[in-house]
Amino acid sequence: MQNRECRRCKLAKKESLDGGLLILSFAWSGPVPRAGQFFLMRPLRTRVFLARPISLFGSTSGGFLRFLIALRGRGTEDLAAMGRGEEAELTGPLGNAWGDMALPAGPGPVALVGGGIGIAPLAAFAAELAEGTFDFYAGFKSRPFGLEGLSRKPVIATEDGSEGSCGRIPDFMDPAGYRAVYACGPEPMLQAVAASCSVAGVPCFVSLERRMACGVGACLGCTVETAGCNRRCCADGPIFSAGEVFR
Ligand SMILES: Cc1cc2nc3c(=O)[nH]c(=O)nc-3n(C[C@H](O)[C@H](O)[C@H](O)COP(=O)(O)OP(=O)(O)OC[C@H]3O[C@@H](n4cnc5c(N)ncnc54)[C@H](O)[C@@H]3O)c2cc1C
Ligand code: FES
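Thresholds, definitions, all that
Residues numbered from 1 in each chain as written. Chains lettered and ligands numbered in written order. Predicted model: local features only at pLDDT ≥ 70, side-chain atom pairs only at ≥ 80, totals over all residues. Heavy atoms only, no water. Helix = DSSP H or I, 4+ residues; strand = E, 2+ residues; numbered from the N terminus. Expected span 1.5 Å × (residues − 1). Contact = heavy atoms within 4.5 Å. Disulfide = S-S within 2.5 Å. Buried < 20%, exposed > 50% of the residue type's maximum accessible area, 1.4 Å probe, protein only. Near = heavy atom within 4 Å. Polar contact = N/O pair within 3.5 Å; in protein donor to acceptor, adjacent residues only side chain to side chain. Areas by Shrake-Rupley, 256 points an atom, 1.4 Å probe, with all protein chains shown as cover. Nonpolar A, V, L, I, M, F, W, Y, C, P; charged D, E, K, R; others polar. Domains from an automatic or database assignment. Pairing = 2+ DSSP bridges. Axes fitted to C-alpha atoms, helices over the stretch in contact; angles between N-to-C directions.

Participant: Could you clarify how one ought to interpret helix H3 (residues 187-200) in this entry?
Facilitator: Since the α-helix turns once every 3.6 residues, residues separated by three or four places project in the same direction. Counted at 1.5 Å a residue, the expected span for H3 with its 14 residues is 20 Å, and the 20 Å between its end C-alpha atoms agrees. If you follow the buried residues of H3, they end up packed against strand S8 (110-115), strand S12 (181-184), strand S13 (204-207) and helix H5 (242-245). With its phi angle positive at about 70°, Gly 201 sits one or two positions after the end of H3.

Pasting the structure below:
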């Protein structure tokens, strides 16, 4: 069974960004999470019953975990309303990690492709990879965010042309020459990335979003249809081989 814990954690730092985004840092002394994994998160002072899944964005020395959060509804609004020192219940780390995916042996870099808030788990992955072993592609509707800590300058595309190339990021990523492609973002973006990888014969791994309840594989509320059978996004994912989920 996966090593996870449920703890009350104090909010150590809150950074508000433009465009309804924020970075929350919590003190965490539980099992060390790996990039791609997520936590169920719920402030003690909240209007929602179910905790919300949020990916690891980064960690700092001293045992602080960082989360990049986009405001969507009540759950994320209540996280944003927390003050420093206030407590939230964090359960995790949950799910699989990018590093669990079998990578073909050999030289050559990998490509990380993130869209919008999907940048978060890939930024965490970039921090685990050695410099020069990956390229980072980042797509946004408008102004970019979440890229400050990267050791490598990303390729950026914005739909409104406000920064980088104008358009959608899959159009600027050629999978040829990469050992594998790891992607997280809106599903149409993932499908486009998966399709180009399939043509190029490059393995592609995608992190999926589903509404979640238990987060540990018990309620079957987060089903992902795959080629062989139904899988649970929380316990069998959230990262899947693209060929399994996009056919
Ligand atoms: C594994 C995983 C990792 C995630 N990591 C992050 C992260 O790092 N940062 C982050 O900001 N968000 C992340 N999310 C998404 C986050 O969990 C949702 O935005 C959050 O649950 C919304 O809750 P809410 O109460 O604010 O909005 P709600 O009031 O629940 O919903 C607001 C609106 O968003 C839609 N919505 C909510 N959740 C989802 C979803 N999962 N998929 C599709 N539509 C949805 C609803 O249908 C509704 O229209 C992740 C989700 C998963 C499954
Ligand atoms: S959220 Fe309960 S099985 Fe995935």
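After that view, the rundown keeps rolling.
Participant: What is the right way to read the state of the cysteines from this model?
Facilitator: Covalently bonding the sulfur atom of one cysteine to the sulfur atom of another cysteine gives a disulfide. A full pass over the atoms with the stated rule returns zero disulfides. The thiol of Cys 6 is not disulfide-bonded; the next cysteine sulfur, from Cys 9, is found 8.4 Å away. The class of Cys 6 is partly exposed, set by a relative accessible area of 48%.

Participant: In this structure, what is going on with the site of ligand 1? I would like to understand it.
Facilitator: Not every one of the 20 residues close to ligand 1 is listed here, only the nearest: Pro 53, Ala 70, Gly 75, Thr 76 and Arg 211. At 3.0 Å from an oxygen atom of ligand 1 is found a side-chain nitrogen or oxygen belonging to Arg 72. Between an oxygen atom of ligand 1 and a side-chain N or O atom of Arg 211, the distance comes to 2.5 Å. In isolation ligand 1 has 880 Å² of accessible area, and contact with the protein removes 77% of it. Of all elements in the fold, only strand S4 (52-55), strand S6 (64-70) and helix H1 (74-80) reach the threshold of two or more residues within the shell around ligand 1. Here the shell around ligand 1 gets four residues from one element, more than from any other, and that element is S4. Of the residues belonging to the shell around ligand 1, the class tally is 10 nonpolar, four polar and six charged. Both domain 1 (5-94) and domain 2 (98-245) contribute no fewer than three residues apiece to the shell around ligand 1.

Participant: Explain the sheet that holds strand S9 (residues 134-140) here, please?
Facilitator: Two strands in a sheet stick together by hydrogen bonds in their backbones, pointing the same way (parallel) or opposite ways (antiparallel). Sheet architecture is open: seven strands sit in the order S11-S10-S9-S8-S12-S13-S16, paired in mixed fashion. At either margin of the open sheet sits one strand with a lone partner, and together these are strand S11 (165-166) and strand S16 (239-241). Both S8 and S9 contribute to a ladder of six bridges, which runs parallel. Each bridged residue has a counterpart across the sheet, and for Gly 115 the counterpart in S9 is Gly 139. Taken strand by strand, H3 contacts S8, S12 and S13, and its axis lies near 165° from that of S12.

Participant: Just checking my understanding: could you explain the side chain of Gln 37 for this structure?
Facilitator: Mapped onto the elements, Gln 37 comes out in the loop between strand S2 (21-27) and strand S3 (38-43). Polar side-chain contacts of Gln 37 include one of 2.9 Å to the backbone oxygen of Gly 95. If sequence neighbours within four positions are ignored, Gln 37 has contacts with Gln 2, Ser 55, Leu 56, Pro 93, Leu 94, Gly 95, Asn 96 and Ala 97.

Participant: Could you clarify how one ought to interpret the pairing of S9 in this entry?
Facilitator: Within S9, seven of the seven residues are buried, which leaves the element mostly enclosed by the surrounding structure. Neither face of S9 is exposed, since Phe 134, Phe 136, Ala 138 and Phe 140 on one face and Asp 135, Tyr 137 and Gly 139 on the opposite face are all buried.

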